[in-house]
Structure formats: C-alpha cells, structure tokens
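Chain and residue survey
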Amino acid sequence: VDMENALRQAISKQQFQLFYQIQVDTQGYPLGAEALIRWRHDSMGMIPPSDFIPLAEETNQIETIGQWVLETACLQVKAWADCPFRQHLTIAVNVSAQQFKQHNFVDIVQKTAERIGIDPAKLKLELTESMVLINVEDAIAKMKRLRALGFYLSLDDFGTGYSSLSYLKRLPFNQIKIDRSFIVSATFDSNDAFLVHIVISMGQKFGMDVVAEGVETQEQFELLEILDCKAFQGYLFGKPMPIEDFETFLLSLP
Ligand code: G
Ligand code: G
Ligand code: MN
Ligand code: NA
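Residues numbered from 1 in each chain as written. Chains lettered and ligands numbered in written order. Predicted model: local features only at pLDDT ≥ 70, side-chain atom pairs only at ≥ 80, totals over all residues.

Topic: the pairing of strand β7 (residues 175-178)
Looking along a regular strand, one sees side chains alternate from face to face of the sheet. Put simply, the test is: Strand pairing is assigned whenever DSSP detects at least two bridges linking the two strands. Helix numbering and strand numbering both begin at the N terminus, where a helix is a DSSP run of H or I of at least 4 residues and a strand a DSSP run of E of at least 2.
Where strand β6 (residues 152-158) lies against β7, 3 bridges are found, and the strand directions are parallel. The residue of β7 that forms the bridge with Phe 158 is Ile 178. Judged from the 4 bridges that link them, β7 and strand β8 (residues 209-212) form a sheet pairing that is parallel. For Ile 178, the partnering residue across the bridge sits in β8 and is Ala 212.

This is how it looks when you write it as structure tokens:
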C-alpha cells in the first residue's frame, strides 16, 4: 500500500477524527480534554498517530494535518463556549516540531483562533522539550508572542527529556505535564514519587500548573493528591473517545 498517498487524501476523504481524553481536578470535575488524532483508513482500519505522524513529518504533510487538528479543536472549543456548563472547558492540542518551527506558526494559530472566534486561553498548545531545544531563542520568542496573545502553553512529556531544569525557568510555559512513566512507578518507587513531588513544588514556585498524565489506578490518584497535584489525566478518569461519546460521558460527571 502507498501510505504516503493514502495519507495525502485523508483530509479530503474525511478520514481523520479527533478523540478527546478528559482532564479533571481533584474533585473529579472536568477541566477540559486533550485532543488526540486518529486515522480511519479504508482497508487498514484505525491507524494510531504513532504510525502516521512520523510519515506525515517525513512527507511534509504535518503542517496540513496540524492545521486540520487546530481548526477542528478550535471549532469544538467554540461549540462548548456557546453551551451552558461547558463554557469553561479547554482543549489541548499536540503540536509537532515541524509545525512549531514554521516561521509563521504564531500567525497561523492566531488567525485560526480569531477566525473561529475562540478565547485563546481555552486553547492549550502542547509542546515538548525536544522541539523547544532545537532552537531555544526562536522557541522563546514564539512562546512569548503566543502568551501575549493569551494562548496557554503546556510542556508535554515532562521528565523524558534532558536539560529540563536550567531551561525551564526561561521557557514561558503555563503548565507542566508529568510524563506517565513517572506516574506508573511513583506508587512503588519512592525515588520516582519524590521526583513527582519535586516537579509539583517546582511548578508551584514557578507559577505553573501541573497535570499528571497516565493516571490509571486509584492508588496513583491518591498518592498524587497527597503530593498536592491539582489536575489529572489518564484511563482512571477516561480513555480518549470520539466527541459524541465524550459529550455523553460529560453528562455522567459531577
Ligand atoms: O493516544 P495516543 O496514541 O493518541 O497518541 C500517541 C502519540 O501521538 C502521542 O505522543 C501524541 O502526542 C501524538 N499525537 C496525538 N494526536 C496528535 C496530533 O494531533 N498531532 C501531533 N503532532 N501528534 C499527535
Ligand atoms: O505523548 P502524549 O502525552 O501527547 O500522548 C498521550 C498518549 O498517552 C496517548 O497515546 C494516549 O492515548 C495515552 N494515554 C492516555 N492516558 C493513558 C493512561 O492512563 N495509560 C496509558 N498507558 N496511556 C495513556
Ligand atoms: Mn500530549
Ligand atoms: Na505526554
């Protein structure tokens, strides 16, 4: 199969779909969702992003796909903003390195949000450390502009990269997402529990929100609460799901 061409047709064939995974506070109230792309291929069925995002990057399709994700997420933010009880919900989108390095990335995001008419604070852009470190000065400049426009910046997969601490205080993130590898081990490895504790305190000191990713068990959730974590994401609260299911799911929450 010619995956590259199949991918090129995926938007016009309406084969992409965003799945939404809930983020909650300590009380279980919904804060928002992370949008995670899925590709429904004609014959191959559902293809996970790990299997096509790298191909999209290699074949210069990620900007187009990233734009589709951004638009779709903004339209959903807008739909919730117009709906009682849903107005506060945010959506986090994953930005790829190639998208972020575009010279006009900030303009693209700003124009899209403005055209659709959303509050930029409701759109969380998830960046990773590695993509920021490709060109730190350029990244900081873009991040400052995005912050000045009111967008919310999250540092995804925190703890998996290298030079975290020295850069972190220079990078204007609103939020740190603690990588799920630390959450998995925190309940049985006291060193990892301590690392999680340090990241949470550091976030508090720097005025950043902290969200724990990949929370799967009640035990992990309780430990994170003791460590003063205020926001949570993971299978314990909900798996990524299509918007229709997500809307139904929201009705079952406090
Ligand atoms: O559920 P999950 O299999 O969705 O996601 C796997 C990986 O794919 C994660 O690292 C996630 O950040 C990435 N990913 C999911 N959706 C998107 C997207 O819309 N754009 C980009 N660039 N990456 C995504
Ligand atoms: O890399 P990023 O954090 O953007 O991607 C999130 C990935 O983690 C997605 O593939 C998503 O489906 C997955 N995920 C979300 N919650 C859980 C969880 O509780 N456990 C596991 N194993 N994976 C999760
Ligand atoms: Mn993410
Ligand atoms: Na992550």
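A short note on the pairing of β8
Convention followed: Whether a crossover is right-handed comes down to one check: with the strands pointing away from the viewer, does the path from the first strand over the helix to the second run clockwise; if it does, it is right-handed.
As judged from the 2 bridges shared by β8 and strand β9 (residues 231-233), these two strands associate in the parallel manner. By the bridge assignment, Ala 212 is partnered in β9 with Phe 232. Following the backbone out of β8, through helix α11 (residues 218-226) and into the adjacent parallel β9, one traces a crossover that is right-handed.

Topic: unusual backbone geometry
The cut-off we apply is this: Put plainly, a residue is buried at 20 or more neighbouring C-beta atoms within 10 Å of its own, exposed at 12 or fewer, and partly exposed in between, counting only other residues' C-beta atoms, which are placed from the backbone.
Of note, the phi angle at Asn 60 is positive, near 55 degrees, even though the residue is not glycine. For Asn 60, a count of 9 C-beta atoms within 10 Å corresponds to the exposed category. Unusually for a residue other than glycine, Phe 85 sits at a positive phi of about 75 degrees. Following the sequence through the fold, Phe 85 ends up in the loop between α3 (62-81) and β4 (90-94).

Things to note about the site of ligand 1
To be explicit about the condition: Only the C-beta atom, placed from the backbone, is used; a residue is near a molecule or strand if that atom lies within 6 Å of it. Under this grouping Gly is polar, as are all residues other than the nonpolar Ala, Val, Leu, Ile, Met, Phe, Trp, Tyr, Cys and Pro and the charged Asp, Glu, Lys and Arg.
Neighbouring ligand 1 are Leu 36, Ile 37, Pro 48, Pro 49, Ser 50, Ile 53, Val 69, Asn 94, Ser 96 and Pro 240. Put simply, the parts of the chain that give the shell around ligand 1 at least two residues each are β2 (30-41) and α2 (49-58). With 3 residues, the top contributor of residues to the shell around ligand 1 is α2. Its residues assigned to classes, the shell around ligand 1 comprises 7 nonpolar, 3 polar and no charged.

Observations concerning the nonpolar core
Filter applied, for reference: To define a nonpolar core, we join buried Ala, Val, Leu, Ile, Met, Phe, Trp, Tyr and Cys residues through C-beta atoms within 7 Å and take the resulting set.
Among the nonpolar cores identified, the biggest contains 61 residues, and Ala 35, Ala 73, Val 93, Leu 123 and Ile 178 are the most heavily contacted of them. For this core, the element with the most residues is α3, which contributes 8 residues.

Concerning the packing of helix α5 (residues 105-116) against helix α7 (residues 136-148)
What counts, and what does not: Fitted lines through C-alpha atoms give the axes, limited to the stretch in contact for helices. The angle between two N-to-C directions lies from 0 to 180 degrees. Here is the rule for angles: anything less than 35 degrees is roughly parallel, anything more than 145 is roughly antiparallel, 65 through 115 is roughly perpendicular, and the remaining ranges are oblique. It is the rotation of the near helix from the far one that decides the hand of a crossing: anticlockwise by less than a right angle makes it left-handed, clockwise makes it right-handed. A pair of residues counts as a contact when their C-beta atoms, built from backbone coordinates, are within 7 Å of each other.
At their nearest, the axes of α5 and α7 sit 10 Å apart, and the two run at 20 degrees to each other. Accordingly, the angle class assigned to the pair α5 and α7 is roughly parallel. Between α5 and α7 the crossing geometry is right-handed. Residues Phe 105, Val 106 and Val 109 of α5 form the contact with α7, whose participating residues are Lys 142, Arg 145 and Leu 146. For the contact of α5 with α7, a count of residues per class yields 4 nonpolar, no polar and 2 charged.

Things to note about α7
Since the α-helix turns once every 3.6 residues, residues separated by three or four places project in the same direction. Selection rule: A helix is expected to span 1.5 Å multiplied by its residue count minus one. Working note: the arc is built from the helix axis to C-beta atom directions.
Over its 13 residues, α7 extends 18 Å from the first C-alpha to the last, a length consistent with the 18 Å expected when each residue adds 1.5 Å. Inspection of α7 places Ala 139, Lys 142, Met 143 and Leu 146 among the buried residues, and these make up the whole buried set. Buried residues of α7, viewed axially, fall in a sector of 100 degrees; they line one side. In α7, the exposed residues that point more than 90 degrees away from the buried face are Glu 137, Ala 141 and Ala 148. Buried residues along α7 sit against α5, β5 (123-128), α6 (129-133) and β6. One or two residues past the end of α7 sits Gly 150, with phi positive at roughly 100 degrees.

Focus: the packing of α3 against α5
Remark: α3 packs on α5, axes separated minimally by 10 Å, with the N-to-C direction vectors making an angle of 35 degrees. As for the relative orientation of α3 and α5, their crossing is right-handed in sense. Facing α3, whose interface residues are Leu 70, Glu 71, Cys 74, Leu 75 and Lys 78, α5 presents Val 109, Thr 112, Ala 113 and Ile 116. For the contact of α3 with α5, the residue count by class is 6 nonpolar, 1 polar and 2 charged.

Points about helix α10 (residues 190-206)
The end-to-end C-alpha distance of α10 is 24 Å, a good match for the 24 Å that 17 residues give at a rise of 1.5 Å each. Buried within α10 are the following residues: Val 196, Val 199, Ile 200 and Gly 203. Here the buried residues of α10 occupy an arc of 95 degrees about the axis, which is enough to place them on one side. In α10, the exposed residues that point more than 90 degrees away from the buried face are Ser 190, Asn 191, Phe 194, Ile 198 and Lys 205.

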